[in-house]
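Structural features, examined
Take a look at the letters that make up each chain.
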Amino acid sequence: MGFGDCFLLSFRYDPSDNLAARHILIDFGSTGMPDKTEVTLDAVAADIARQCGGALDIVVATHRHKDHISGFATKTNGKGSGDVIRGLSPKRVIQPWTEAPEAPEGWAGPPDVSTAKAFADRTQSLAAMQAVAQSVVDRLDREGGFDPRWPLADRLRFIGEDNISNVSAVKNLMTMAGEDGKNNLYVFHGCDLDLSDILPGVKVHVLGPPTLNQSASIKAYAKRSDDYWFRASGLAALSATDTVAADKKSMLFPKLKSRDTFRASRLPTEMRWVAGRVNAAEADQMLGIVTALDSVMNNTSVILLFEAGSKKLLFPGDAQLEDWSYALQSAMAPLLDDVDLYKVGHHGSLNATPKRMWERFKKRGEAGKPDRLQSIMSTMAGKHGGKDGAPTEVPRGPLVKELKAESTLHNTQDLKPADLCQLITIDLR
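What you are looking at is a predicted structure, and each value in this text was computed from that prediction instead of being measured.

Let us look at the overall build of the protein chain. Secondary structure assignment for the protein chain yields eleven helices and eleven strands. Within the protein chain, contacts between residues separated by at least 24 positions form 75% of all contacts whose residues are at least 6 apart in sequence. When the accessible surface of the protein chain is totalled, it reaches about 19,700 Å², and 52% of it is carbon and sulfur.

Shown next as structure tokens:
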């Protein structure tokens, strides 16, 4: 899938049970394929249809980033990858509670919050975040926008493009399990997700995202540098900014062309050196803002743990600090101790596999260990991070080294150009 997530999880039952296989699609998106690949989202969608025999049981969209949901987009001719997935008639669509279009009548919703306020705030926040991301991308595309030679311009573009609105995919997810939306499930940490009628013999635990009140209890949590796969030094240029002064807001909307770029041609000759520094400072500010927004979106990720037979399978989307810090301090944390398969968070980034979580996995160990932990990572080197010597490359080197040493790692980077997928079989007995 290049830089994106797409996992088809199939449960096959003993023939004596007279049960057909059950199929769950967890995310479907990409922000770029490797060079010389023959793979497209349309080809992947067709293969998903083949693998599941023409019918999906559940679709999970962990969060709305492009690299997780762009494959759900439809086309006006009805032949898009999202049209193919819709045609598989999933019985349920699972998303984070932040994606619910409204507080449905009779829905209990996240506990201990005002659903009206929560959903109003969520709607405004998502719209505002994606408007900012779109304005940054527009600025990069326009003559006189940010200088593409700026060392971190490609990082700004990557984050901006990943956060822009995926309207077609979002709308398709809202109705692909039924126009009335009753089969869409919006989940949060600790909620009761009973799918036994669709997945016999499988328990599904929801470890994230936390609700507004749940996350409020961890806002004072301090990120320890030794809990993530990086060193604190060298990150100053990438630090996120939460606020923008009121008189700077117009910088977020580059269609106001009078504020496009601080042009050297408008300055006296002896002062033109200032222009480059001013523009670089503004670009740094924009990078800080979109980086902060990117983290917020990642922290809406659904974290699902499937318990089937004697095995546990963990799929955490792109969950980062807030998502994981709440789950790891909760009563559900011991569920992680005997995980058998781990979908590596956020494509192997530095802040999505906390060491406190990794160290809970008791099935880590050297090659040859019975029931050794298996890990699967969808990623693409060189696509994101790691510029100017900053320890932010994806996938993060020290993490990959640990994954290889302590688990059996399945990495999309090992796929051949014509490969659509890698099949991994786990005996659940």
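Taken in spatial order, the six strands make up an open sheet running 6-7-8-9-10-11, and their pairing is mixed. The open sheet has two free edges, formed respectively by strand 6 (202-208) and strand 11 (408-411), since each of these has just one partner strand. Neighbour-to-neighbour, the strand axes of this sheet turn through a mean angle of 15°, independent of strand direction. As paired strands, strand 9 (residues 341-343) and strand 10 (residues 374-377) are joined by three bridges and run parallel to one another. What sits directly across from Tyr-342, in strand 10, is Ser-375.

Spatially, the five strands line up as an open sheet ordered 1-2-3-4-5, and their pairing is mixed. The sheet is open, and its two borders are formed by strand 1 (6-11) and strand 5 (184-187), each paired with just one other strand. Going across the sheet, the axis of each strand differs from the next one's by a mean of 20°, ignoring polarity. Alignment of strand 4 (residues 92-96) against strand 5, held across four bridges, turns out to be parallel. Among the inter-strand pairings, Pro-96 is bridged to a residue of strand 5, identified as Val-187. Together, strand 1 and strand 2 (22-28) form the strand contacts of helix 1 (residues 41-51), whose direction differs from that of strand 2 by roughly 165°.

On to helix 6 (residues 167-175). Those residues of helix 6 that fall on the buried side of the exposure criterion are Ala-169, Val-170, Asn-172 and Leu-173. Buried residues in helix 6, looked at end-on, bunch into an arc of 165°, giving them a common side. For helix 6, the elements touching its buried residues are strand 3 (58-60), helix 2 (66-69), helix 3 (81-86), strand 4 and strand 5.

All told, the structure shown has zero disulfides when counted by the stated rule. Free cysteine Cys-6: the closest other cysteine sulfur is in Cys-421, separated by 8.9 Å. We classify Cys-421 as partly exposed; its relative accessible area is 36%.

Ranked by internal contacts, the top residues of the largest apolar core, which has 28 residues, are Phe-11, Ile-24, Leu-199, Phe-306 and Phe-315. If you list the elements that add at least two residues to this core, you get strand 1, strand 2, strand 3, strand 6, strand 7 (303-308) and strand 8 (311-315). If we ignore the near neighbours within four places in the chain, the residues touching Phe-306 are Leu-9, Phe-11, Ile-24, Ile-26, Val-202, Lys-203, Val-204, Lys-311, Lys-312, Leu-313 and Phe-315.

As a further point, take the environment of Ala-331. Residue placement: Ala-331 occurs in the loop between helix 9 (321-329) and strand 9. The class of Ala-331 is exposed, set by a relative accessible area of 76%. Each C-alpha atom, one on Ala-331 and one on Gly-190, is 9.3 Å from the other, the two residues being 141 residues apart in sequence.

The phi torsion of most residues other than glycine is negative, and most of the peptide bonds are trans. Here Gly-208 and Pro-209 are connected by a cis peptide whose omega angle stands at 10°. With respect to the secondary-structure elements, Pro-209 resides in the loop between strand 6 and helix 7 (212-216). Geometrically, the link from Val-394 to Pro-395 is a cis peptide bond, its omega value of 0° lying close to zero. Positionally, Pro-395 belongs in the loop between strand 10 and helix 11 (397-406). With a phi angle near 55°, Asn-18 is a residue other than glycine that sits in the positive phi range. Following the sequence through the fold, Asn-18 ends up in the loop between strand 1 and strand 2. Even without being a glycine, His-346 presents a positive backbone phi close to 50°. Take His-346: it is sitting in the loop between strand 9 and helix 10 (355-358). Judged by relative accessible area, His-346 falls into the buried class, the value being 9%.

Rules and cut-offs
- Residues numbered from 1 in each chain as written.
- Predicted model: local features only at pLDDT ≥ 70, side-chain atom pairs only at ≥ 80, totals over all residues.
- Heavy atoms only, no water.
- Helix = DSSP H or I, 4+ residues; strand = E, 2+ residues; numbered from the N terminus.
- Contact = heavy atoms within 4.5 Å.
- Areas by Shrake-Rupley, 256 points an atom, 1.4 Å probe, with all protein chains shown as cover.
- Pairing = 2+ DSSP bridges.
- Axes fitted to C-alpha atoms, helices over the stretch in contact; angles between N-to-C directions.
- Buried < 20%, exposed > 50% of the residue type's maximum accessible area, 1.4 Å probe, protein only.
- Arc of directions from axis to C-beta.
- Disulfide = S-S within 2.5 Å.
- Core = buried A, V, L, I, M, F, W, Y, C linked by side-chain atoms within 4.5 Å.

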